Amino acid sequence: MIIILCAPSGSGKSTMVRHLLETYPGKYELSISATTRAPRGQEQHGKEYYFISREEFEQHIANQDFIEYEQVYEGLYYGTLKSEIERIRSAGRTIVFDIDVKGGLNLKRIFGGEALAIFVAPPSVEELRRRLEGRGDTSADMIEKRLAKAEIEMADAPYFDHVVVNDDLAKAKKELDKLVQ
Ligand code: ADP
Ligand code: 5GP
């Protein structure tokens, strides 16, 4: 079984993933994506992402090392390495993917019934803006790009197995617990 969590940036996906990892130690493991974007705040290479250069990323594309990849934002690549899936599977853990909507639906197509695809929705675009601004680690320009993308992504929510609205965090966590069990 694999779990795919998708959501517009700022909806609380990372918060949800952290909750799963902390509540069920040893059961789930986050698939660490490769990206060409720069680390934000306290992010570390090999923890939140594998931060690599554009050249390195393109070499991985040429080698067909990715199960899926996207230019999520103009000029910024994000992708899931096949080796990451092997690493987590061989440790006997359930893989959790935190990826964008297009990538998530691609993985759902690949893994079919083995995958539980959950869309984490913000209560509103205004609230999304407040959260992104409140997090304080994203430039104004990137916030606008993320909000524009969020509106498009929200239209794909019906293609997911479940939608969790992250309004009240405690309630959203409970709902997620129920779904993964
Ligand atoms: P994502 O991973 O989807 O980009 P984060 O998990 O980083 O989102 O959440 C974005 C911001 O919103 C963080 O500062 C987080 O603490 C806050 N947040 C998450 N869930 C809620 C919620 N239900 N209510 C209010 N703030 C929230
Ligand atoms: P952020 O820059 O906020 O960490 O992530 C931006 C977006 O890229 C988020 O929607 C995140 O889920 C998505 N993302 C992260 N890793 C991957 C990946 O491997 N593949 C795809 N398609 N999207 C990803």
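Above this text you will find the structure in question.
My aim in this report is to walk through the structure given alongside it, one point at a time. As the structure is a computational prediction, the values presented were derived from the model and not from experiment. (Residues numbered from 1 in each chain as written. Chains lettered and ligands numbered in written order. Predicted model: local features only at pLDDT ≥ 70, side-chain atom pairs only at ≥ 80, totals over all residues. Heavy atoms only, no water.)

**Topic: the nonpolar core**
Heads up, the condition is: For our purposes a nonpolar core is just a set of buried Ala, Val, Leu, Ile, Met, Phe, Trp, Tyr and Cys residues, chained together by side-chain atoms within 4.5 Å. Think of it in three bands: residues with accessible area under 20% of the maximum for their type are buried, residues over 50% are exposed, and the middle band is partly exposed, with areas taken using a 1.4 Å probe on protein chains only. Working rule for contacts: check all heavy atoms of both residues, and any pair within 4.5 Å makes them a contact.
Among the nonpolar cores identified, the biggest contains 18 residues, and Ile2, Ile4, Phe97 and Phe160 are the most heavily contacted of them. The residues contacting Ile4, other than those within four sequence positions of it, are Phe97, Gly104, Leu107, Lys108, Ala115, Leu116, Ala117 and Ile118. Ranked by size, the runner-up nonpolar core spans 17 residues in total, among them Leu5, Met16, Val164 and Val180.

**Observations concerning the site of ligand 1**
Note the threshold: The nearness test applies per residue and asks whether one of its heavy atoms lies within 4 Å of the molecule or strand. Polar contact is the term for a pair of N or O atoms within 3.5 Å; when the atoms are in protein, one must be able to donate a hydrogen and the other to accept it, and sequence-neighboring residues count only if both atoms are side-chain atoms. Note that accessible areas follow from Shrake-Rupley with a 1.4 Å probe, and for residues the cover is restricted to the protein chains shown. A run of H or I in DSSP becomes a helix once it reaches four residues, and a run of E becomes a strand once it reaches two; helices and strands are each numbered from the N terminus. Polar here means any residue outside two lists: the nonpolar Ala, Val, Leu, Ile, Met, Phe, Trp, Tyr, Cys and Pro, and the charged Asp, Glu, Lys and Arg; Gly therefore counts as polar.
The environment of ligand 1 is formed by 13 residues, the closest being Gly10, Ser14, Thr15, Arg135 and Asn166. One of the backbone nitrogen or oxygen atoms of Ser11 is found 3.2 Å away from an oxygen atom of ligand 1. Here a nitrogen atom of ligand 1 sits 3.5 Å away from a polar atom, N or O, in the main chain of Leu169. Relative to its unbound accessible area of 570 Å², ligand 1 is 75% covered by the protein chains. Elements with a minimum of two residues in the shell around ligand 1: helix H1 (13–23) and helix H5 (125–135). With three residues, H1 is the single largest residue contributor to the shell around ligand 1. Looking at side-chain class alone, the shell around ligand 1 contains two nonpolar, seven polar and four charged residues.

**Let's talk about the sheet that holds strand E9 (residues 162–165)**
To keep it simple, the criterion reads: Two strands form a pair only when DSSP identifies at least two bridges running between them. Angles shown run from 0 to 180 degrees and are taken between the N-to-C directions of axes, each axis being a line fitted to C-alpha atoms and, for helices, limited to the stretch in contact.
With respect to topology, five strands assemble into an open sheet ordered E2-E7-E1-E8-E9, the strand pairing being parallel. Both outer strands of the open sheet, strand E2 (28–30) and E9, are each paired with one neighbouring strand and no more. The sheet shows a mean angle of 25° between the axes of neighbouring strands, taken without regard to direction. Sheet analysis places E2 next to strand E7 (residues 94–98), joined by three bridges and oriented parallel. Counterpart to Glu29 in the pairing with E7 is Ile95.

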